[in-house]
Amino acid sequence: MGRRAVVSALAPNPEAALEALVLEDQPPPHPTSPRDVVVAVRAANVGWVDLLMTSGQYQHVPEPPYTPGLEWSGEVVAVGDAVTAWRVGDRVIADGLLTGPRSLGAHRKWGGFASFAVAPEAALVALPPELSFEQGACLLGGHETAWHALIHRARLQPGESVLILGATGSTGLAAVQIAHHLGTKVIAAGRTPEKLAIVRELGADHLLRTTDESGAPRRFKDEVKQLTGGRGVDVVYDALGGEVSTEALRACAFGARFVLVGWSATPFVAREGRDPNVLPTNLILMKSIDVLGSPAAIAAHADPALRRTRLDAVLALVKGGLRPRVDATYALADLKDALRAKWESRHVGNVVVHPDA
Ligand SMILES: NC(=O)c1ccc[n+]([C@@H]2O[C@H](COP(=O)([O-])OP(=O)(O)OC[C@H]3O[C@@H](n4cnc5c(N)ncnc54)[C@H](OP(=O)(O)O)[C@@H]3O)[C@@H](O)[C@H]2O)c1
């Protein structure tokens, strides 16, 4: 008998969702259609987006009851009669856009915080042999997002400089890795020196604190200018929102590209009629800045061809040596602790749960 997490109703906020989350027994499922694959989950990434979704604050609202866990990896244990791509024993990664709570079809209830998941055969990607199950579970969301923002949207070029806000997070750290691989000057920003020190090991050339000792926001425009020969940065990767975004705008070079990726610092901007994040148009105009939205998931649904290119690019990076960073692993029984740790930004990079631990 396995176990799975269940969200029975959307909660008012992620804290309340954590309280309401339950673990229940899960008998091994059977394929529900001839093209289904049953996978024994070995590792599931604990994502910020999983937390937002449980309270309906992500742009894609799942239908309860469902099992959360957008990104996971595992081993095939059963296949439907019409499945040709996979065999029992294959090691796979779930494509979180085509199966699970972020998908649009019949497999929305099958998330990765479970012993088993059922996915359509087209929603699985072979786990690269270079990666562990844990690393595989953390590959696509973070690295596809970062690639989409830096390469597809910002057209980041070797030799340019890039300021990464939220650099200790899943997508931010992936952005550091990709920007470093490309041969750019990487300035990684965050609130704590201890966490930033780890980001340096993964490719940051410079570390930048966005808060002072008391935790208050600090100005960093001049520091960035100094690091870039007085010009400012060519590209900003903004996963945060709020005041820090405006300061990053001040740190931009003339003609820079400013890529909007997320709003970890302002997670409730879309709720209850609150104002969304606002950027000052005077700075954008006078500095001739391109502000670029970068919705990796929506863009993939809109343009499946782009998705293939992006997946291939990320898998090629793995061949070239890139490894997603897993900072901590938790047993499924401790899922609430893992989700809380993610919500409180306690780790650098990714947090994983092990259903079979
Ligand atoms: N555009 C897309 O396609 C896409 C795809 C995936 C995710 N996202 C979004 O991107 C954002 C980042 O996602 P993620 O998975 O990287 O999240 P994450 O792993 O939780 O990392 C976010 C980072 O932001 C910082 N942070 C958190 N709360 C903060 C606060 N109140 N003030 C200032 N800094 C704070 C933390 O860094 P420090 O503690 O080091 O400061 C943390 O490591 C989220 O908003 C997510 O929804 C967008």
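Residues numbered from 1 in each chain as written. Predicted model: local features only at pLDDT ≥ 70, side-chain atom pairs only at ≥ 80, totals over all residues.

## Observations regarding the overall build of the protein chain
- Assigned secondary structure in the protein chain consists of twelve helices and 15 strands.
- Across its three principal axes, the protein chain shows a C-alpha extent of roughly 60 × 40 × 35 Å.
- Across the 357 residues in the protein chain, those meeting the buried criterion constitute 48%.
- Considering only residue pairs separated by 6 or more positions, the protein chain has 68% of its internal contacts joining residues 24 or more positions apart. (Helix = DSSP H or I, 4+ residues; strand = E, 2+ residues; numbered from the N terminus. Buried ≥ 20, exposed ≤ 12 C-beta atoms within 10 Å, placed from the backbone. Contact = placed C-beta atoms within 7 Å.)

## So, the nonpolar core
- One finds Ile164 and Tyr237 to be the most contacted residues of the largest nonpolar core, which totals 97 residues.
- Two domains share this core, each providing at least three of its residues, namely domain 1 (2-139 + 324-354) and domain 2 (142-297).
- Sequence-distant contacts of isoleucine 164, that is, excluding residues within four places in its chain, are made with Gly172, Ala175, Val176, Ala179, Val186, Ile187, Ala188, Ala189 and Tyr237. (Core = buried A, V, L, I, M, F, W, Y, C linked by C-beta atoms within 7 Å. Domains from an automatic or database assignment.)

## Notes on the domain arrangement of the protein chain
- Along its sequence, the protein chain is organised into domain 1 (2-139 + 324-354) and domain 2 (142-297).
- Contacts between the two partners involve 13 residues from domain 1, matched on the other side by 14 residues from domain 2.
- Of the residues in the side of domain 1 that touches domain 2, the class split is seven nonpolar, four polar and two charged. (Nonpolar A, V, L, I, M, F, W, Y, C, P; charged D, E, K, R; others polar.)

## Quick look at the sheet that holds strand β10 (residues 206-209)
- Taken together, the six strands give an open sheet; going across it, the order is β10-β9-β8-β11-β12-β13, and neighbouring strands pair in parallel fashion. At either margin of the open sheet sits one strand with a lone partner, and together these are β10 and β13 (290-293). Direction aside, neighbouring strands of the sheet carry axes that sit 20° apart on average.
- Across four bridges, strand β8 (residues 161-165) lies against strand β11 (residues 233-238) in parallel orientation. Each bridged residue has a counterpart across the sheet, and for isoleucine 164 the counterpart in β11 is tyrosine 237. (Pairing = 2+ DSSP bridges. Axes fitted to C-alpha atoms, helices over the stretch in contact; angles between N-to-C directions.)

## Describing the site of the ligand
- Looking at the ligand, there are 29 residues lining it, with Gly169, Gly190, Gly262, Ala265 and Ala296 nearest.
- Mapped by element, the contributors of at least two residues to the shell around the ligand are α2 (48-54), α4 (140-153), α5 (170-182) and α10 (296-302).
- Each residue belonging to the shell around the ligand can be placed in one class, and the counts come to eleven nonpolar, 15 polar and three charged.
- In terms of domain composition, the shell around the ligand takes at least three residues from each of domain 1 (2-139 + 324-354) and domain 2 (142-297). (Near = placed C-beta within 6 Å.)

## Overview of the pairing of β11
- Burial of β11 is extensive: six of the six residues sit out of reach of the surface.
- Between β11 and its parallel partner strand β12 (residues 252-260), the chain crosses via helix α8 (residues 243-250), and the hand of that crossover is right-handed. (Right-handed = clockwise from strand over helix to strand, strands pointing away.)

## Here we look at the packing of α4 against helix α11 (residues 304-319)
- In the contact formed by α4 and α11, the axes pass within 10 Å of each other and the chain directions differ by 110°. Considering their axes alone, α4 and α11 lie roughly perpendicular with respect to each other. Two packed elements cross with a definite hand, and for α4 against α11 that hand is right-handed. Across the interface between the two elements, Leu140, His143, Glu144, Trp147 and His148 from α4 touch Arg310, Ala313, Val314 and Leu317 from α11.
- Split by residue class, the contact of α4 with α11 holds five nonpolar, two polar and two charged. (Parallel < 35°, antiparallel > 145°, perpendicular 65-115°, else oblique. Left-handed = near helix turned anticlockwise from the far one by under 90°.)

## Some thoughts on the pairing of strand β15 (residues 350-354)
- In terms of burial, β15 is a largely internal element, four of the five residues being buried.
- Note: strand β3 (residues 36-45) against β15, two bridges, orientation antiparallel. Each residue of the ladder has a partner; that of asparagine 45, found in β15, is valine 352.
- In this structure, strand β14 (residues 326-331) lies alongside β15, joined through five bridges in parallel fashion. In the strand pairing of β15, threonine 329 is matched with valine 352.
- Note that the unit made of β14, helix α12 (residues 335-343) and β15 has a crossover that is right-handed.

## Side note on α11
- The end-to-end C-alpha distance of α11, which contains 16 residues, comes to 23 Å, matching closely the 22 Å that a straight helix rising 1.5 Å per residue would cover.
- For α11, the full list of buried residues reads Arg307, Arg310 and Val314. In an axial view of α11, the angular spread of the buried residues amounts to 70°, which keeps them on one side of the axis. Facing away from the buried side of α11 by more than 90 degrees, the exposed set consists of Ala305, Arg308, Asp312, Ala316 and Lys319.
- Where α11 is buried, its residues touch α4 and α10. (Expected span 1.5 Å × (residues − 1). Arc of directions from axis to C-beta.)

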